[in-house]
Amino acid sequence: MSHSLVIVESPAKAKTIEKFLGKGYQVLASYGHVRDLPSKDGSVDVDNDFLPKYVVSAKAKKQLSALKQALKKADELVLATDPDREGEAIAWHLLEALGVNEQGKTPRVCRVVFHEITKDAIAEAMANPRHISTELVDAQQARRILDYLVGFNLSPVLWRKIPGSRSAGRVQSVALRLICEREADIEAFKSQEYWTIEATMANAEGTTFAARLNAIDDRKVAASAKQLEVSTCQVIADRKTAEQLVAEIRPLPLQVAEVTCTEKKRRPAAPFTTSTLQQEANRKLGFSARKTMSLAQKLYEGVDIGDGPVGLITYMRTDSVTLSSLAVQEARQVIEDRYGKPYVPAKPRVYKSKAKNAQEAHEAIRPTGLSRHPETLSRVLDRDELRLYKLIWERTIAAQMADALLDATTVDIMAGDRYQFRASGQVVRFPGFMKVYIEGKDTESEETESLLPVLQEKQALSFDNLQGEEHTTQPPPRYTEASLVKILEENGIGRPSTYAATMNTLVERKYVRLEKRTFFPEDLGREVIRFLMQFFDKYVDYKFTANMEDDLDAISLGKGDWKAFLRTFWVPFKEEVEGVKSEKFVGETINETCPECQQPLSKKFGKNGYFIACTGYPACTYTRPVNGEQKNEPEYSEESCEKCGARMLFKEGRYGRYLACSGYPECKNNQPLVKPKSLGISCPSCKEGEIMEKKSRYGKIFYSCNRYPKCKYALWDQPFAEPCPKCDFPLVVEKTTKRLGTVRRCPREECDYQVTLVEPEQKAPASKTASGKPAARKTARKKT
């Protein structure tokens, strides 16, 4: 009987698939990548046509051994890794690591792909095997090598130029630029005041509604920040003008001039892609992109719903907005059954992706069974998994529902002959898809529409209230995870499947911080971008990065050569990196000159943050804090330098005040304020020095040899010049702990000598209840 070994990435997926395949198949997981480029120089041999030097990762060795053992018993090897470039590359790396020839006869090798983990999808995939796509593997190799070349050549330059910086990346740096430039726009923004005239009007029956002054002498009145920039609009600039208008308009007669009724249609949003799922989960559920993808992975790989594990959603890394014909038919049936026939459109809806570089080979993200309503899964999914599944189910169903129909009414009302007010309202005549789902927005609109009473032309009205209302223009909003993902995708920067990792890296590197789902750039991040924009502006340019994605897409389609692509990038990039190594980065220049040498001053970034420094460094060493002047008079101590005899200065450092030689930089002697104290005990290690009591930079007392760094003998416990009674070591130490009390012992690990000098405090016996059992222990919570 033939035996097949099926390899997937994750053990959860393996368990689900093995259930569907049955006897004759063994399904094992590779646990992700088995080979990768090591994080060190020389992992890519650029002189040998960009030869990558892959190694099997330490964590993959054990699993790879298990796969090799299982392969010995198999007649067929089925590579069922994920249906994307990365999955294709993993399949290729598995063959290389296992030493299997895809064209060989034993074992037979085939590649299968499926976009959902269901019995039918698995059966169809197994019935239609194919070979590994070299084009997809080449595109993934090119991407990985490109990211390696950028990171391992640009990052070391950053380390030397900017203290605290950790890395630069092809997509990471562009995302950081977006965040930093938005912050600069916010800081440069100057708020503008403007006013609107708001009215509450009433008809003869006393029914009231809201209206706003729309035009004066047929000229539009600005009622939003965008309209302030329109030259044909007039602006009510201040309170005085608004009060004058209110006084002029209040006594004028009101009459309905025109009533316009129109029908509006609202169409549903397309089914989810990776990017739009991350955006909506952030807006509606408050999930980070990383959390969204982690939950989606679990739903895709399989959940036990009573009769074994089954995948609940299709593959979650996709750019496609299309649905299979079977899914569309199932959706239409569910809509008719749950909401009625009027909610089913005459024809199935077809969507096309608006995103640049979209790869539409897959389906959109959808439930594997649309008849599986979220309510039926409440007992098998945890709260967050259920919320995400419900979001996907509602979006998929809504995408195949009928349009929403709204009756919109606009009423123009004249106050006298010069002043035109406008009232708008709308009523939902037929909710359509809105009965199930309405897409979220990144910003709330200022425009609000309400219900209006029935009004007729030439109908007389009256003012119930009339007043001016102050507004101020607002700066552009900072990026949230949702809005950052949106703009990255719109500009074709990176791949949506990597956005979660990219944003997480920026936070971990301390380039940005995330507060209330909003990105704020840190000083370190802003300085990194300032450096990159000065010396590598081409490589953080939005269009350049997007064009590289186009080239990678062309390689995946067999329309480009990956080595030629890397060669075109590498030659000029390497030259620029080498040139920048000798350049001086002066930071952000400011409109001041150095008081000592008259050269320009700049705002520089150091390990303790920003400071002001002379651009003439190292010839001129003038510095001062950003907010304050440098002390002109140095603060001398009464001590002299033991090395050169110059006077010692008091200095302020990272760990507090210390003494430094005034002869710096010729003499670099530094001393702590609290001098080490001799204990009169000879060093047992070197036999030449003596043990000193010292204080660490964190304020903790320790004991070490005065011949450091030649002798590195040190103790945390206080030593005494008494030989150990058991091993004759020349000293013993004392240590006090709550558990042992005060003990005297030998500091040598191999000697167990120890005597107790002071017994530990005894705990009070636990009180007993009437039943004779120990009383429950109460703990007081400390208020913070």
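All of these numbers come straight from a predicted model, not from anything done at the bench.

Asker: Before we move on, could you go through the overall build of the protein and cite the residues and values that matter?
Answerer: Looking only at helices and strands, the protein features 17 helices and 35 strands. On C-alpha atoms alone, the protein measures out to a radius of gyration of 36 Å, which is more than a quarter above the 28 Å that the 2.2 N^0.38 rule sets for 784 residues. For the protein, the proportion of its 784 residues judged to be buried stands at 46%. Of the roughly 43,100 Å² of accessible surface on the protein, a fraction of 48% belongs to carbon and sulfur atoms. Computing the positive centroid from 120 side-chain charges and the negative centroid from 107, the protein places the two 6 Å apart.

Asker: Help me get a handle on the nonpolar core, residues and values and all.
Answerer: One broad trend across soluble globular proteins is that nonpolar side chains are buried collectively. Judged by nonpolar contacts, the single largest core of 118 residues is most densely connected at Phe114, Leu388, Leu484, Phe531 and Phe536. Ranked by residues supplied to this core, first place goes to helix H5 (residues 134-161) with 10 residues. When residues no more than four places from it in sequence are discounted, the contact partners of Leu484 are Ala175, Leu178, Ile179, Tyr479, Met503 and Phe519. In terms of nonpolar packing, the next biggest core, distinct from the first, is built from 26 residues, Met201, Ile216, Tyr419 and Leu466 among them.

Asker: An account of the packing of aromatic side chains is requested, with residue identities and associated values reported.
Answerer: A full pass over the atoms with the stated rule returns 19 aromatic pairs. Considering the side-chain rings of Phe531 and Phe536, the 6.2 Å spacing of their centres and the 55° angle between planes classify their relative orientation as tilted. For the ring pair Tyr539 and Phe573, a centre distance of 5.1 Å and an interplane angle of 80° mean the geometry is edge-to-face. Residue Tyr539 is found in the loop between helix H15 (523-535) and helix H16 (542-556), and its partner Phe573 is found in helix H17 (residues 562-581); the two are separated by 34 residues along the sequence. Each member of the aromatic cluster is reached from another via a ring pair, and the members are Phe531, Phe535, Phe536, Tyr539, Phe544, Phe569, Trp570, Phe573 and Phe585. Directly above the aromatic system of Tyr542 lies the positively charged group of Arg177, at a separation of 4.4 Å from the ring centroid.

Asker: Explain empty space enclosed by the protein to me, using residue names and the numbers behind them.
Answerer: In total, this model carries three cavities of 30 Å³ or more according to the counting rule given. What lines the largest cavity is a set of 14 residues, and nearest its centre among them are Val150, Gly169, Arg170, Tyr539 and Val540. Looking at the lining of the largest cavity, the elements that each hand over two or more residues are H5, H16 and H17. Here the lining of the largest cavity gets three residues from one element, more than from any other, and that element is H16.

Asker: Break down unusual backbone geometry for me, with residues and values.
Answerer: For the peptide bond that leads from Tyr664 to Pro665, omega is 10°, which places it in the cis range. If you trace the backbone, Pro665 turns up in the loop between strand E26 (656-661) and strand E27 (670-672). Non-glycine residue Asp218 carries a positive phi angle of around 65°. Structurally, the position occupied by Asp218 is in the loop between strand E10 (208-216) and strand E11 (219-220). Given the relative accessible area of 81%, Asp218 is considered exposed. Phi is positive for Asp728, which is not a glycine, with a value near 65°. Tracing the backbone shows Asp728 in the loop between strand E32 (718-720) and strand E33 (732-737).

Asker: Report on the sheet that holds strand E23 (residues 623-625), specifying residues and quantitative values.
Answerer: If you walk across this open sheet you meet the four strands as E20-E21-E22-E23, and the pairing is antiparallel. Each edge of the open sheet is held by one strand with a lone partner, namely strand E20 (588-593) and E23. The mean angle between the axes of side-by-side strands here comes to 35°, regardless of whether they run parallel or antiparallel. Note: strand E21 (residues 600-606) against strand E22 (residues 609-614), six bridges, orientation antiparallel. Counterpart to Ser602 in the pairing with E22 is Ala613.

Asker: Give a detailed account of the sheet that holds E32, specifying residues and quantitative values.
Answerer: Reading across the sheet, the four strands line up as E32-E33-E34-E35 and stay open at both edges, with antiparallel pairing between neighbours. The two strands at the open ends of the sheet, each matched to only one other strand, are E32 and strand E35 (754-758). Recorded for the sheet is a direction-independent mean angle of 30° between the axes of neighbouring strands. Two elements, strand E34 (residues 741-745) and E35, share four bridges in a ladder whose sense is antiparallel. Across the sheet, residue Arg744 finds its bridge partner in E35, namely Val755.

Asker: Can you explain the confidence of the model for the protein? Please cite residues and give values.
Answerer: Here the protein averages 88 in pLDDT, while 94% of its residues score no lower than 70. A low-confidence stretch, residues 769-784 stays under pLDDT 50, and its non-local contacts, those more than four residues away or across chains, total eight contacts.

Asker: Give me the environment of Leu98: which residues, what numbers.
Answerer: Note on placement: Leu98 falls in helix H3 (residues 85-98). Judged by its relative accessible area of 11%, Leu98 falls in the buried class. Spatially, the C-alpha atom of Leu98 lies 66 Å from that of Cys641, the residues being 543 residues apart in sequence. What Leu98 contacts, discounting residues up to four positions off in sequence, is Ile7, Leu64, Leu67, Lys68, Leu71 and Leu77.

Asker: So what's going on with the pattern of salt bridges? Residues and values would help.
Answerer: On inspection of all chains with the given rule, the structure shows 47 salt bridges. Between Lys390 and Glu394 there is a salt bridge; the shortest N-O distance is 2.6 Å. Taken together, the residues Lys390 and Glu394, both in helix H12 (residues 383-399) and four residues apart, mark about one turn of the helix. The class of Lys390 is partly exposed, set by a relative accessible area of 39%. A salt bridge links Lys574 to Glu578; its shortest N-O distance comes to 3.1 Å. Taken together, the residues span about one helical turn, with Lys574 and Glu578 both in helix H17 at a distance of four residues.

Asker: Kindly report on the side chain of Ser320, identifying the contributing residues and their values.
Answerer: For Ser320, the position within the fold is in the loop between strand E14 (309-310) and helix H11 (325-339). Within the structure, Ser320 has its side chain in polar contact with the side chain of Thr322 (distance 2.8 Å).

Asker: Please provide a residue-by-residue account of helix H13 (residues 481-490), values included.
Answerer: With eight of 10 residues buried, H13 lies mostly within the body of the structure. As for H13, its buried residues are in contact with helix H6 (172-188), helix H9 (274-285), helix H10 (289-301), helix H14 (499-508), strand E18 (512-515) and strand E19 (518-521). Once H13 ends, the next one or two residues include Gly492, with phi positive near 70°.

Asker: So what about helix H2 (residues 58-72)? Which residues, and what values?
Answerer: Its 15 residues give H2 an end-to-end C-alpha distance of 22 Å, which sits within 8% of 21 Å, the value for a rise of 1.5 Å per residue. Among all positions in H2, only Ala60, Gln63, Leu64, Leu67, Ala70 and Leu71 are buried. Buried residues in H2 make contact with strand E1 (4-8), strand E2 (25-29), strand E6 (55-56), strand E7 (76-79) and H3.

Criteria and thresholds
Residues numbered from 1 in each chain as written. Predicted model: local features only at pLDDT ≥ 70, side-chain atom pairs only at ≥ 80, totals over all residues. Heavy atoms only, no water. Helix = DSSP H or I, 4+ residues; strand = E, 2+ residues; numbered from the N terminus. Rg over C-alpha atoms; globule rule 2.2 N^0.38 Å. Buried < 20%, exposed > 50% of the residue type's maximum accessible area, 1.4 Å probe, protein only. Areas by Shrake-Rupley, 256 points an atom, 1.4 Å probe, with all protein chains shown as cover. Lys, Arg positive; Asp, Glu negative; His and termini not counted. Charge placed at Lys NZ, Arg CZ, Asp CG, Glu CD. Core = buried A, V, L, I, M, F, W, Y, C linked by side-chain atoms within 4.5 Å. Contact = heavy atoms within 4.5 Å. Phe/Tyr/Trp six-rings, centres within 6.5 Å; stacked < 30°, edge-to-face > 60°. Lys NZ or Arg CZ within 6 Å of the ring centre and 35° of its normal. 1 Å grid on protein atoms, 1.4 Å probe; cavity = no way out; pocket = protein on both sides within 12 Å on 5 of 7 lines; lining within 4 Å. Points joined across faces, edges and corners; volume = space filled by probe spheres on them. Pairing = 2+ DSSP bridges. Axes fitted to C-alpha atoms, helices over the stretch in contact; angles between N-to-C directions. pLDDT = per-residue confidence, 0-100. Salt bridge = Lys/Arg side-chain N within 4 Å of Asp/Glu carboxyl O. Polar contact = N/O pair within 3.5 Å; in protein donor to acceptor, adjacent residues only side chain to side chain. Expected span 1.5 Å × (residues − 1).

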